[in-house]
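# Breakdown of the fold
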Amino acid sequence: MAVPTESCLLVYLLTLVTLQLPTLESAAPFDVTAPQEPVLALVGSDAKLTCRFSPNAGSEHMELLWFRQTRSPSVLLYRNGQEQEGQQMTEYRGRATLVTAGLLDGRATLQIRGVRVSDQGEYRCSFKNNDNESKEAAVLLKVAAVGSDPHISMKVQENGDVELECTSSGWYPEPQVQWRTANGETLPSTSESQKHDEEGLFTVAASMMIRDSPIKNVSCCIQNMILGQGKEVEISLPAPFMPRLTPWIVAVAIFLLALGLLTIGSILFTWKLYKERSSLRKKEFGSKERLLEELRCKKAAVHEVDVTLDPDTAHPHLFLYEDSKSVRLEDSRQILPDKPERFDSWPCVLGRETFTSGRHYWEVEVGDRTDWAIGVCREDVVKKGFDPMTPDNGFWAVELYGNGYWALTPLRTPLRLAGPPRRVGVFLDYESGDISFYNMTDGSLIYSFPSMSFSGPLRPFFCLWSCGKKPLTICPTASGPEKITVIANVQDSIPLSPLGEGSASGHRDATFLA
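Residues numbered from 1 in each chain as written. Predicted model: local features only at pLDDT ≥ 70, side-chain atom pairs only at ≥ 80, totals over all residues. Heavy atoms only, no water.

### Comments concerning the overall build of the protein
What counts here: Only DSSP runs of H or I with at least four residues qualify as helices, and only runs of E with at least two residues qualify as strands; both kinds are numbered from the N terminus onward. Exposure is judged per residue with a 1.4 Å probe applied to protein chains only, and the accessible area is read against the type maximum: over 50% gives exposed, under 20% gives buried, and values in between give partly exposed. In what follows, a contact means two residues having at least one pair of non-hydrogen atoms within 4.5 Å.
Tallying secondary structure elements over the protein gives three helices and 35 strands in all. Per-residue burial for the protein yields a buried fraction of 40% across its 514 residues. Once local pairs closer than 6 in sequence are excluded, the contacts in the protein between residues at least 24 apart make up 63%.

Below, the structure is given as structure tokens:
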């Protein structure tokens, strides 16, 4: 049967095209490409850099080279189906490997484990085929790190200014530090510093000063601008404790005071001394004589009370120890029930004990810690807000603030002490209206408030103005056999003195004369 000429010609053409297909495919151009966008990796994580090449056939027989500035030594060399470790850079040994699973699909992925800051930069992947033809492409690796939680330290200057410093470490690249108020308002830093460690990570420090400001809370925010992530911490600021005085005002006041004293001091001293001696001679039973007579004939034993701290009154920044005898101030704030009896502004706590009559005595170990207040207050004092701690508001206390000791009177009375007390004794005589404080290091009187008439329950009172690892501790009643003789209402006439061995019970006894 005859076949048409047109059919034979069609079969011939199809056969010719089929035979030419491998030749056309092998003639496809050889090329290497990489993504234009940089690869972002966190410090300590793994990073994957990928290049694509064509054609796909026979890719496992190609020579693959990953390198940075120089080809040898390289980041990774893949030849004859395996990695050539002998030609690898020291810092990438054991860290840089090739993901071979994608080679058949024309994909070469370099995996870097435990990314470091030094890994940041451009990486080039180079392919060489069997015809010794070479192509390469570049991939950019960017490295970032989010550092530690910020820490804010606070220092209160003698003039009342508050200095804050915020520090944090482990950031890359250099982060942005910003101070903010509770309503989001930004505050300028007075100084900033940034330095990097041996691994290239940055440690930042920023300081700011707050002067005569009603700001209650300030936060420090540190931001990694590449990642869009950051960390923030907030701190509560104490209310101003004293008016801010400039140096020239202090100098003028001291000069005027000295001038006045020099002018009238000698006259007043002579007149006062004469009047006092004359008055004492005329009073057969004067106050000093009565005190001495009562001291000799009628020593009233005052029993120490076992004072413990009331956690229901403690400010959220105050941390009480398990024995309810010690307390410390921390930057962090506890989540506590908002009870009416809890202080929410002043960092204060009350004792559990209430006194409505009698004489009571306890001691507080202050050691060498700074910025504290100790005393007695009415049970119903205002615990919300920043009412001044004065007798008019129901507070009778002394404090160490900055470098000075003060009695919390309406105008703050400075106290001149021979030496810093490490243990403070507090004496309360309810009926006679006496509240006195004693330096138990040497038995000397620190301060005695003017006698007044009490009404209602009184409670022990404690306050801390600055953070620190050293707590404020209430001394146990069984603290030793030593006794201290204390004379109430006499500041200079009769100093305190040890009486030697105490009772057989081992309790510390204190004798007060009303």
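### Topic: a nonpolar patch on the surface
Using the following cut-off: To count toward a patch, a residue needs a relative accessible area over 30% and no salt bridge; like charges are then connected within 9 Å, while nonpolar side chains (Val, Leu, Ile, Met, Phe, Trp, Tyr) are connected within 5 Å. Reported accessibility uses the Shrake-Rupley method at a 1.4 Å probe radius. Residues are deemed covered only where the shown protein chains occlude them. The salt bridge definition used is simple: a Lys or Arg side-chain nitrogen within 4 Å of an Asp or Glu carboxyl oxygen.
Nonpolar side chains collect at one region of the surface, where W248, I249, V252, F255, L256 and L259 lie side by side and expose about 630 Å² of accessible area between them. Within the secondary structure, I249 is located in helix 2 (residues 247-282). A relative accessible area of 34% places I249 in the partly exposed class.

### Side note on the environment of Y321
Mapped onto the secondary structure, Y321 falls in the loop between strand 20 (318-320) and strand 21 (326-329). Of the residues examined, Y321 reaches a relative accessible area of 31% and is grouped as partly exposed. Y321 sits 150 residues away from P471 along the chain, and the two C-alpha atoms are 9.1 Å apart. Excluding anything up to four places from it in sequence, Y321 contacts S326, V327, R328, K469 and P471.

### Thoughts on the state of the cysteines
Applied cut-off: Disulfides are defined as cysteine sulfur pairs within 2.5 Å.
Here the structure, examined in full by the defined rule, presents two disulfides. The disulfide partner of C51 is C125, and the gap between their sulfur atoms is 1.8 Å. With the S-S bond torsion at -95°, the cross-link from C51 to C125 turns out left-handed. With C51 in strand 3 (residues 47-54) and C125 in strand 9 (residues 121-128), the pair connects residues that are 74 residues apart, well separated along the chain. The burial state of C51 is the same as that of C125; both residues are buried. Taken in N- to C-terminal order, the disulfide-linked cysteines of the protein are connected 1-2, 3-4.

### Notes on the sheet that holds strand 1 (residues 31-33)
Heads up, the rule is: Pairing between strands is defined by DSSP: at least two bridges between them are needed. What counts as an axis is a line fitted to C-alpha atoms, over the stretch in contact for a helix, and the angles between N-to-C directions run from 0 to 180 degrees.
Overall, antiparallel pairing links the four strands, which are arranged 1-3-8-7 in an open sheet. Looking at strand neighbours, the two that pair on one side only are strand 1 and strand 7 (96-99), the edges of this open sheet. Pairs of neighbouring strands in the sheet enclose a mean axial angle of 25°, with direction left out of account. The pairing of strand 3 with strand 8 (residues 107-112) spans six bridges and is antiparallel. Each residue of the ladder has a partner; that of T50, found in strand 8, is T109.

### A few points about the pairing of strand 24 (residues 372-378)
In terms of burial, strand 24 is a largely internal element, six of the seven residues being buried. Judged from the seven bridges that link them, strand 24 and strand 31 (residues 458-464) form a sheet pairing that is antiparallel. Bridge assignment links I374 to a residue of strand 31, and that residue is F462.

### What to know about the packing of aromatic side chains
We count it as follows: In summary, the pairing rule links any two rings of Phe, Tyr or Trp, Trp by its six-membered ring, whose centres are within 6.5 Å, and it sorts them by plane angle into stacked for under 30 degrees, edge-to-face for over 60 and tilted for everything else. Here, a charge over a ring means that NZ of Lys or CZ of Arg falls within 6 Å of the ring centre while also lying within 35 degrees of the ring normal.
Applying the stated rule across the entire model yields twelve aromatic pairs. An angle of 80° between the planes, with centres 5.4 Å apart, marks the rings of W396 and F454 as edge-to-face. In this pair, W396 is assigned in strand 25 (residues 395-401) and F454 in the loop between strand 30 (444-448) and strand 31, connecting sequence segments 58 residues apart. Assigned by exposure class, W396 and F454 land together as buried. Here a set of aromatic residues connected by ring pairs shows up, and it is made of W346, F386 and W465. The side chain of R412 reaches across the aromatic face of W406, ending 4.3 Å from its centre.

### Some words on the confidence of the model for the protein
For residues with low pLDDT, the predicted coordinates do not support detailed interpretation. Rule in force here: Scored from 0 to 100, pLDDT records how confident the predictor is in each individual residue.
Taken as a whole, the protein shows an average pLDDT of 81; of its residues, 79% reach a score of 70 or greater. Mean pLDDT in the protein bottoms out at strand 34 (residues 497-498), which sits at 30, and peaks at strand 22 (residues 348-350), which reaches 97. Here residues 284-301 is a poorly scored stretch, pLDDT under 50, and it has 22 contacts once near neighbours within four places are set aside; other chains count.

### Quick notes on the pairing of strand 29 (residues 434-439)
Most of strand 29 is tucked away, with six of its six residues classed as buried. By the alternation rule, side chains of strand 29 split into D434, S436 and Y438 and I435, F437 and N439, which are all buried. Taken together, the six bridges between strand 28 (residues 423-429) and strand 29 define a ladder with antiparallel strand orientation. Bridging across to strand 29, F427 finds its partner in S436. The loop that links strand 28 with its antiparallel partner strand 29 comprises four residues; one of these, G433, has a positive phi angle of about 70°. For strand 29 and strand 30, the ladder comprises four bridges, and the chain directions are antiparallel. From the neighbouring strand, N439 faces strand 30, where its bridge partner is S444. Count of turn residues in the strand 29/strand 30 antiparallel hairpin: four residues, of which G443 carries a positive phi of about 80°.

### Considerations on the environment of V424
Along the chain, V424 falls in strand 28. Considering only alpha carbons, one finds V424 and G375, 49 residues apart in sequence, at a separation of 9.9 Å. Setting aside residues up to four positions removed in sequence, V424 forms contacts with W362, E363, V364, V366, W372, I374, F437, Y438, M440 and I446.

### A closer look at the pattern of salt bridges
Summed over the entire model, instances satisfying the criterion amount to 20 salt bridges. The salt bridge involving E379 is made with R459; its shortest N-O contact spans 3.7 Å. Separated by 80 residues along the polypeptide, E379 in the loop between strand 24 and strand 25 and R459 in strand 31 bring together distant segments of the chain. Residue E379 is classed as partly exposed on the basis of its relative accessible area of 31%. A residue is classified by how much of its surface remains accessible, and R459, at 7% relative accessible area, is buried. With its nearest N and O atoms 2.5 Å apart, the salt bridge here joins E399 to R412. Of this pair, E399 sits in strand 25 while R412 sits in the loop between strand 26 (404-407) and strand 27 (413-415); the two residues are 13 residues apart in sequence, bridging distant segments of the chain. In terms of burial, E399 and R412 fall into one category: buried. Residues joined in a network through salt bridges with shared partners are R71, E122, R124 and E136.

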